[in-house]
Amino acid sequence: MAELALQDVRKSFGAVDVIKGVDLEIKDGEFTVFVGPSGCGKSTLLRMIAGLEEVTSGDIMIDAEVVTDEEPFDREIAMVFQSYALYPHMTVAENMAFALRLQGMSKPERRKVVEQAAEVLKITPLLDRRPAQLSGGQRQRVAIGRAIVREPKVFLFDEPLSNLDAELRVQMRIEIARLHGELKSTMIYVTHDQTEAMTMADRIVVLRDGLVEQVGAPTDLYDDPDNMFVAGFIGSPKMNFLSVAATGPRQVSLGGLSLDLPQLKNDLNVGTEYALGVRPEHLFGGEGPGLTMQIEVVEQLGQTAYVHGRLGAEAQPVVVELRDQRPKTGQTIEITFDLSRATLFDAQEQRVR
Amino acid sequence: MTVKTHKTKPPRKRRGGFGSKQEQRFAYLMLLPALALVLIFRVIPLIWGFFLSLTNVDTLGNGDWVGFANYARAANDPTFQDSLINTVILLATLPIWVMLPMLLAILIHQGVPGGKFYRAVYFFPAVLSSVIIGAIFSVVLRYDGSLNNMLGAVGIDAIDWLGSSSNALGSLIAVQLWSTFGMGVLIFMSGLATVPDDIIEAARIDGAGFWQRLFLVIVPSLRPIIEFVAVVTTIGVLTSMFGLIYVLTGGGPGTSTTLPEFLIWLEQGKLNRPGYAAAISMILFVMMGGIAWMQVRIMSRNTNL
Ligand SMILES: Nc1ncnc2c1ncn2[C@@H]1O[C@H](COP(=O)(O)OP(=O)(O)OP(=O)(O)O)[C@@H](O)[C@H]1O
Ligand SMILES: [Mg+2]
């Protein structure tokens, strides 16, 4: 149970700035996910919160108390590593009880706490095995168990599921979400997988190149992104960006088609180029104005199919989501624009509202 | 639980291992030279030595079967008994042989300033032959040698490092330690490189301080390496101290630095008693075999780490 705040936190490795000033507030009990492309500094930021990485400048606060220079243990955080990081020479039970043993808890008491946690994670039969005798999924449960028994203020996860196969990943995702529901602890979860972020998070923090691009609930980021990076990063397949020219204060043209965007609060500069962002599911079966497109590639998933093609005289690539259809390569389909859901970005890739 | 997993194990591979018949024949062919060498230089001398130990031949080849008389004699030979006691003393210092390189390796690994320099310096004596090391230390440890001069400079009385029976074995052990611990440091360094950082970080998060991380996490994960170094060192000190003894103390004063290995040489070469020397060799062989067997068992018990 804890709140966490970062104030203008920065980190440099020598001359390389990795975290370039992050301000963030995480509420008590919130499940926050850090997402971003590889190398953007997610792990570094998490490790700074954990106390494993020194902070170059700025402050980290847990429960309104500055912990910037405290040892990891004194911050009362627990961390689950991507590589599990179990102690190879200890049994599962000893792994889970290690922190308690260091705190001087008696053996029977330790065993009781460990057994409780093992019950929750369904690893009771494994307690006397060593990590080498476990599967990847089982090891990850043990690593989570090791975190649980400490009853930390904040749980930190660094890509805990990325070494697991797809099916197990989905299963563990649900279990971690369930665990969060039961423990109601503050959790920070790092991933580069936007699906994990969307499905698990109360709030998502999108990072790019050491800076926060946007913070918000998953659906807010999806429906109302602040910039092209967030719009493109959240959602799979990616949002389509079509280059359009402004022909009026609230009107753009695309391939000879005039598109009205009455939701805009600010006037557009007539003649300027913008990027129109439309998600694949908002390009088919709607009421809006339309264009025809020839299908180049079909990704058929069963209920939905993603078709790839090119639009207009500039042959701009687009992805369209079709539901309950069996499209074939070479067919021509009618694209419709659901403009009420479309977003517009300027040349600086910022959202135009 | 475990029984179950054993049952579901896939059936063992076809006997004979990898490759076609032809390949296997070729493999045996390639093994032949090594096999012949082992046979000629190890197995045959061993058997021959055993028969020799049952005779009282001299170097001229005259002698008779005496059965186990040589062994009975060894049991009552005070020199041989002394050499065994010296061996026990030597083996009792084994923890130092293992701990010292381990601690130094951990310090270098933790990044003490100049670590790379120390590593090179520590390893340097390992490339010197024992005769050269013996020569160096006979100068250093002489009664009027440089060590005593140095001690004299800080007001400590000279100590007879090699000439007194209470110090000689200790000096000998110290010199051998000096000349070999660099290898241990290297082995431990490479072992430390295999201890993942995140385990140490996990221990930090679990609240382990420096010493707890060292003794509860790092050292236990080095256990296979500790055992490896222990075995190699044991065999090393039992079989490769001859040169040093020869140059530094000649087994003396008295029998205070006589180890079985040196005694074998004395009996065989100096005292012209090959039969008796062979008997001591057999005893040493059995002793070392026993120690090695024990250690290998301990090691294989931990292979699932
Ligand atoms: N110890 C270090 N020394 C120098 N540079 C580092 C160090 N650790 C990380 N970096 C750099 O900092 C940047 C951010 O690294 P970080 O591990 O936080 O990325 P990430 O967002 O977690 O990426 P991924 O998704 O691949 O795990 C990278 O460019 C990396 O090269
Ligand atoms: Mg990372």
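Parameters and conventions
- Residues numbered from 1 in each chain as written.
- Chains lettered and ligands numbered in written order.
- Predicted model: local features only at pLDDT ≥ 70, side-chain atom pairs only at ≥ 80, totals over all residues.
- Heavy atoms only, no water.
- Helix = DSSP H or I, 4+ residues; strand = E, 2+ residues; numbered from the N terminus.
- Rg over C-alpha atoms; globule rule 2.2 N^0.38 Å.
- Buried < 20%, exposed > 50% of the residue type's maximum accessible area, 1.4 Å probe, protein only.
- Areas by Shrake-Rupley, 256 points an atom, 1.4 Å probe, with all protein chains shown as cover.
- Near = heavy atom within 4 Å.
- Polar contact = N/O pair within 3.5 Å; in protein donor to acceptor, adjacent residues only side chain to side chain.
- Nonpolar A, V, L, I, M, F, W, Y, C, P; charged D, E, K, R; others polar.
- Domains from an automatic or database assignment.
- Contact = heavy atoms within 4.5 Å.
- Buried area = accessible area lost by both parts, 1.4 Å probe.
- Phe/Tyr/Trp six-rings, centres within 6.5 Å; stacked < 30°, edge-to-face > 60°.
- Lys NZ or Arg CZ within 6 Å of the ring centre and 35° of its normal.
- Core = buried A, V, L, I, M, F, W, Y, C linked by side-chain atoms within 4.5 Å.
- Pairing = 2+ DSSP bridges.
- Axes fitted to C-alpha atoms, helices over the stretch in contact; angles between N-to-C directions.
- Parallel < 35°, antiparallel > 145°, perpendicular 65-115°, else oblique.
- Left-handed = near helix turned anticlockwise from the far one by under 90°.
- Salt bridge = Lys/Arg side-chain N within 4 Å of Asp/Glu carboxyl O.

Chemist: What is the right way to read the overall build of chain B from this model?
Modeler: Per the secondary structure count, chain B includes 15 helices and 0 strands. Radius of gyration (C-alpha) of chain B: 25 Å, far over the 19 Å computed for a compact globule of 305 residues. A principal-axis box enclosing the C-alpha atoms of chain B has dimensions of 70 × 65 × 35 Å. Scored against the burial criterion, the 305 residues of chain B give a buried share of 36%. Split by element, the accessible area of chain B, about 17,900 Å² in all, is 69% carbon and sulfur.

Chemist: Hey, could you run me through the site of ligand 1 in this one?
Modeler: Residue and element names in this part refer to chain A. Taken together, F13, V18, S38, G39, C40, G41, K42, S43, T44, E159 and H192 make up the full set of residues adjacent to ligand 1. A distance of 3.2 Å is found between an oxygen atom of ligand 1 and a backbone nitrogen or oxygen belonging to C40. In this structure, K42 approaches ligand 1 through a side-chain N or O atom, which is 2.8 Å from an oxygen atom. Expressed as a share of its isolated accessible area of 640 Å², the protein-covered part of ligand 1 is 56%. Per element, the largest residue contribution to the shell around ligand 1 is 3 residues, and it comes from helix α1 (residues 42-50). Residues belonging to the shell around ligand 1 are distributed by class as follows: 3 nonpolar, 6 polar and 2 charged.

Chemist: So what exactly am I meant to see when it comes to the domain arrangement of chain A here?
Modeler: By a widely used convention, the size of an interface equals the accessible area lost when the partners come together. All names here are of chain A. Structurally, chain A comprises domain 1 (4-230) and domain 2 (240-346). Spacing between the C-alpha centres of domain 1 and domain 2 amounts to 39 Å. Residue-level contacts link 6 residues of domain 1 with 7 residues of domain 2. When domain 1 packs against domain 2, the two sides together hide about 580 Å² of surface, and 60% of this comes from carbon and sulfur. In terms of surface lost to domain 2, no three residues of domain 1 exceed Y222, P225 and M228, which account for 81% of the buried area on that side.

Chemist: Which parts of the structure should I look at to understand the packing of aromatic side chains?
Modeler: Residue and element names in this part refer to chain A. Taken as a whole and assessed by the stated rule, the structure comprises 18 aromatic pairs over all chains. Judged by centre distance (5.7 Å) and plane angle (20°), the rings of F229 and F233 are stacked. In this pair, F229 and F233 both sit in helix α8 (residues 228-233), 4 residues apart, roughly one turn of the helix. Here F229 matches F233 in class, with each residue buried. Taken together through their ring pairs, the aromatic side chains of F31, F155, F157 and Y189 make up a single cluster. Across the ring face of Y87, the terminal group of R146 is positioned such that the distance to the ring centre comes to 4.8 Å. One residue, R279, lies across the ring of Y222, its end atom 3.8 Å from the ring centre.

Chemist: Any chance you could explain the nonpolar core here in plain terms?
Modeler: Side chains that are nonpolar tend, in soluble globular proteins, to be buried together. Among the nonpolar cores identified, the biggest contains 50 residues, and V185(B), F188(B) and L222(B) are the most heavily contacted of them. It is helix α9 (residues 168-192) of chain B that provides the largest number of residues to this core, a total of 10 residues. Ranked by size, the runner-up nonpolar core spans 45 residues in total, among them Y84(A), L164(A), F229(A) and F233(A).

Chemist: Please explain the sheet that holds strand β19 (residues 343-345) of chain A as it appears in this structure.
Modeler: Strand pairing in a sheet relies on backbone hydrogen bonds. The paired strands run either parallel or antiparallel. Residues and elements named next belong to chain A. Spatial ordering of the open sheet is given by β13-β12-β11-β14-β19-β20, a layout of 6 strands whose pairing is antiparallel. Every interior strand has two partners, whereas the edge strands, β13 (257-260) and β20 (351-352), have only one. Two elements, strand β11 (residues 240-248) and strand β12 (residues 251-254), share 3 bridges in a ladder whose sense is antiparallel. Residue pairing in the sheet places A245 in a bridge with S253 of β12.

Chemist: Any chance you could explain unusual backbone geometry here in plain terms?
Modeler: As a rule of thumb, non-glycine residues mostly have phi less than zero, and peptide bonds are mostly trans rather than cis. Residue and element names in this part refer to chain A. Along the chain, S236 connects to P237 via a cis peptide bond; the corresponding omega equals 0°. By secondary structure assignment, the location of P237 is in the loop between α8 and β11. Unusually for a residue other than glycine, A85 sits at a positive phi of about 55°. Along the chain, A85 falls in the loop between β6 (77-80) and α2 (92-102).

Chemist: Explain the side chain of D206(B) here, please?
Modeler: Along the chain, D206(B) falls in the loop between α10 (197-205) and α11 (210-221). Here D206(B) is in contact with F73(A), Y87(A), F98(A), A99(A), L102(A), R146(A) and R150(A), once residues within four sequence places are set aside.

Chemist: Honestly, the sheet that holds strand β9 (residues 203-208) of chain A in this entry has me stumped. Any pointers?
Modeler: Residues and elements named next belong to chain A. A sheet is described by the order of its strands in space; here 6 strands give the open sequence β6-β7-β8-β3-β9-β10, paired in mixed fashion. Of all the strands in the sheet, just β6 and β10 (211-216) have a single pairing partner and so form its edges. Geometrically, the sheet is characterised by an average inter-axis angle of 20° between neighbouring strands, direction not taken into account. Where strand β3 (residues 31-35) and β9 come together, 4 bridges link them in parallel fashion. By the bridge assignment for β9, V35 is matched with V206.

Chemist: Sorry if this is basic, but what is going on with the packing of α10(B) against α11(B) here?
Modeler: A packed helix pair is summarised by two numbers, namely the angle formed by the two axes and the spacing between the axes. Residue and element names in this part refer to chain B. Interaxial distance between α10 and α11 falls to 10 Å at its minimum, and their mutual angle equals 135°. The orientation of α10 relative to α11 falls into the category oblique. Here the hand of the crossing between α10 and α11 comes out right-handed. Of α11, the residues touching α10 (which contributes I199, I200, A203 and R204) are R213, V217 and I218. Of the residues belonging to the contact of α10 with α11, the class tally is 5 nonpolar, no polar and 2 charged.

Chemist: Hey, could you run me through the pairing of strand β7 (residues 154-158) of chain A in this one?
Modeler: Walk down a regular strand and you will see the side chains alternate between the two sheet faces. Residue and element names in this part refer to chain A. For β7, the buried fraction is high: 5 of the 5 residues fall into the buried class. On β7, burial covers both faces: V154, L156 and D158 on one face and F155 and F157 on the other are all buried. With 4 bridges joining them, β6 and β7 adopt parallel strand pairing. Paired with I77 across the strands is V154, a residue of β7. Examined bridge by bridge, β7 and strand β8 (residues 186-190) share 5 bridges and lie parallel to one another. Paired with F157 across the strands is Y189, a residue of β8.

Chemist: How should the interface of chain A and chain B be read in this particular structure?
Modeler: Taken together, the 27 residues of chain A in the interface contact 18 residues of chain B. Of the roughly 2,000 Å² buried at the junction of chain A and chain B (both faces included), carbon and sulfur atoms supply 61%. If you sort the residues of chain A by the area they bury against chain B, Y87(A), H89(A) and L102(A) come out on top, with a joint share of 26%. A salt bridge links R150(A) to D206(B), with the nearest nitrogen and oxygen atoms 3.6 Å apart. Residue assignment for the side of chain A that touches chain B shows that the elements contributing at least two residues are β6 and α2 of chain A. It is α2(A) that contributes the most residues to the side of chain A that touches chain B, 4 residues altogether. Of the residues assigned to the side of chain A that touches chain B, the class counts are 16 nonpolar, 4 polar and 7 charged.

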